[in-house]
Amino acid sequence: MIKHHKMKALLLPASLLILWQALVGNAPSSPDTLAPPLAILRAMSVSVADGSLLVATAQTLVASGAGLFLGSAIGIALGVLFGLL
């Protein structure tokens, strides 16, 4: 059973999500500006189900790793070079 203080801790985030959905979900503006939480949840569930989220995550990790490696290699090389001067 969830304790009272845990329920109280969820009150603000749940209220903000409900307010966000109510304001953005019924707004006449484009959903590309600020998508409602339910649209985000639907899109996420579709991308998890079809595997595209896993592929995109792997591509992001590879690109981040490559950037970290290149940045580190250049930084170390310049550090050694400037340390020898």
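One can find the structure itself at the top, above this paragraph.
These notes cover the structure that comes with them. (Residues numbered from 1 in each chain as written. Predicted model: local features only at pLDDT ≥ 70, side-chain atom pairs only at ≥ 80, totals over all residues. Heavy atoms only, no water.)

**Side note on the overall build of the protein chain**
The line we're drawing: Helix and strand assignments come from DSSP, with helices taken as H or I runs of at least 4 residues and strands as E runs of at least 2, each series counted from the N terminus. We compute the radius of gyration from the C-alpha atoms alone; for a globule the expected value is 2.2 Å times N to the 0.38, where N is the number of residues. In this scheme, a residue with accessible area under 20% of its type's maximum is buried, one over 50% is exposed, and one in between is partly exposed, where area comes from a 1.4 Å probe on protein chains only. Every accessible area reported is derived by Shrake-Rupley at a probe size of 1.4 Å, with residue values counting cover from the shown protein chains alone.
What the protein chain contains, in helices and strands, is three helices and zero strands. Ordered by position from the N terminus, the helices and strands of the protein chain form the series α-α-α. Taking 2.2 N^0.38 as the reference for a compact globule, 85 residues should give roughly 12 Å; the C-alpha atoms of the protein chain span a radius of gyration of 22 Å, well beyond that estimate. Across the 85 residues in the protein chain, those meeting the buried criterion constitute 4%. Carbon and sulfur atoms provide 78% of the accessible area of the protein chain, an area that totals close to 7,300 Å².

**A word on the side chain of Ser 47**
Stated formally: Whenever a nitrogen or oxygen atom comes within 3.5 Å of another N or O atom, the pair is scored as a polar contact, on the condition that within protein one atom can donate a hydrogen and the other can accept it, and that pairs from neighbouring residues in sequence are kept only if both atoms are in side chains. By definition, residues are in contact when any of their heavy atoms lie within 4.5 Å.
Checked against the element boundaries, Ser 47 lands in helix α2 (residues 37–50). A distance of 2.9 Å separates the side chain of Ser 47 from the backbone oxygen of Met 44, its partner in a polar contact. Those residues within four positions of Ser 47 in sequence are excluded, and the remaining contacts are Ser 52 and Leu 53.

**Points about a nonpolar patch on the surface**
Spelled out, the test is: To count toward a patch, a residue needs a relative accessible area above 30% and no salt bridge. Like charges then connect within 9 Å, nonpolar side chains (Val, Leu, Ile, Met, Phe, Trp, Tyr) within 5 Å. Counted as salt bridges are all cases of a side-chain nitrogen of Lys or Arg within 4 Å of a carboxyl oxygen of Asp or Glu.
Side chains of Phe 69, Leu 70, Ile 74, Leu 78, Leu 81, Phe 82 and Leu 85 sit close together on the surface and give an oily, nonpolar patch of about 810 Å² of accessible area. Inspection of the secondary structure assignment puts Ile 74 in helix α3 (residues 52–84).

**So, α2**
In an α-helix, one turn spans 3.6 residues, which is why side chains three or four residues apart end up on the same side. Put simply, the test is: The length a helix should cover is 1.5 Å for every residue beyond the first.
The end-to-end C-alpha separation of α2 is 20 Å, in line with the 20 Å expected for 14 residues at 1.5 Å each. Positive phi appears at Gly 51, one or two residues downstream of α2, with a value of about 85 degrees.

**Comments concerning the packing of helix α1 (residues 4–25) against α2**
Short version of the rule: Note on method: axes are straight lines fitted to C-alpha atoms, helices fitted across the in-contact stretch only, with angles between N-to-C directions ranging 0 to 180 degrees. Any angle that falls under 35 degrees is termed roughly parallel, while one over 145 is termed roughly antiparallel, one within 65 to 115 roughly perpendicular, and all others oblique.
In contact at an axis separation of 8 Å, α1 and α2 are set at 95 degrees when each is read in the N-to-C sense. By the angle between their axes, α1 is roughly perpendicular relative to α2. For the pair formed by α1 and α2, the contact residues are Leu 17, Trp 20 and Gln 21 on the first element and Pro 37, Leu 38 and Ile 40 on the second.

**A short note on the environment of Gly 25**
Topologically, Gly 25 is positioned in helix α1. The exposure class assigned to Gly 25 is partly exposed, which follows from its relative accessible area of 37%. Sequence separation between Gly 25 and Ala 35 is 10 residues, and the spatial gap between their C-alpha atoms is 7.7 Å. Residues within four places of Gly 25 in sequence aside, it is in contact with Trp 20 and Pro 36.

**Digging into α1**
This is how the line gets drawn: A residue's bend is simply the angle between two axes: one fitted to the seven residues ending at it, one to the seven starting at it.
For α1, spanning 22 residues, the distance from its first C-alpha to its last is 30 Å, which sits close to the expected 32 Å at 1.5 Å a residue. Roughly 30 degrees is the biggest bend found in α1, and it falls at Leu 11, with proline Pro 13 one to four residues downstream.

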